[in-house]
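# Chain and residue survey
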Amino acid sequence: MRAQAQAEQDLSDIQSLRKQPALERYLLRRLREKRDALAERILTEDAATPEQREIWRQLYLEYKSLCTMPDQDQATAEKWLRERGAAE
């Protein structure tokens, strides 16, 4: 039951956040900018060591994850609730 309550709360929170234009206008935009800057750096920084490139790659993946987190979490919660509802 706790997982169901958490999934429902996540959906509610995500929907509330999506109603805030600043989320897209500022936060997600800035995360995408940082992600894209890292991608550019990875592709163009010829003097980077393999270790630096790996650090940048990991950061890129983290920014990518943060950018898509609301969509992924919403889909996961909806799927969980749908499956849970079908099982009952």
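Residues numbered from 1 in each chain as written. Predicted model: local features only at pLDDT ≥ 70, side-chain atom pairs only at ≥ 80, totals over all residues. Heavy atoms only, no water.

### Focus: the overall build of the protein
- The helix and strand inventory of the protein stands at 3 helices and 0 strands.
- The globule rule puts the C-alpha radius of gyration for 88 residues at 12 Å, and the 18 Å found for the protein is more than 25% above it.
- Projected onto the principal axes, the alpha-carbon positions of the protein cover approximately 60 × 30 × 15 Å.
- Looking at the 88 residues of the protein, the share that counts as buried comes to 17%. (Helix = DSSP H or I, 4+ residues; strand = E, 2+ residues; numbered from the N terminus. Rg over C-alpha atoms; globule rule 2.2 N^0.38 Å. Buried < 20%, exposed > 50% of the residue type's maximum accessible area, 1.4 Å probe, protein only.)

### Brief notes about the confidence of the model for the protein
- Confidence in the prediction of the protein, expressed as mean pLDDT, is 92, and 95% of residues score 70 or more.
- No element of the protein has a lower mean pLDDT than helix α1 (residues 2-18), which averages 91, and none a higher one than helix α2 (residues 21-44), which averages 94. (pLDDT = per-residue confidence, 0-100.)

### Looking at the environment of Arg-84
- With respect to the helices and strands, Arg-84 occurs in helix α3 (residues 50-87).
- Taking the relative accessible area as the measure of exposure, Arg-84 reaches 36% and is therefore partly exposed.
- Through-space distance from the C-alpha of Arg-84 to that of Lys-64 is 29 Å; in sequence the pair is 20 residues apart.

### Structural notes on the environment of Gln-4
- Inspection of the secondary structure assignment puts Gln-4 in helix α1.
- Placed 77 residues apart in sequence, Gln-4 and Leu-81 show a C-alpha to C-alpha distance of 6.9 Å.

### Topic: the pattern of salt bridges
- All chains considered together, the criterion is met by 7 salt bridges.
- Beyond isolated ion pairs, a larger network of salt bridges with shared partners links Arg-29, Arg-30 and Glu-33. (Salt bridge = Lys/Arg side-chain N within 4 Å of Asp/Glu carboxyl O.)

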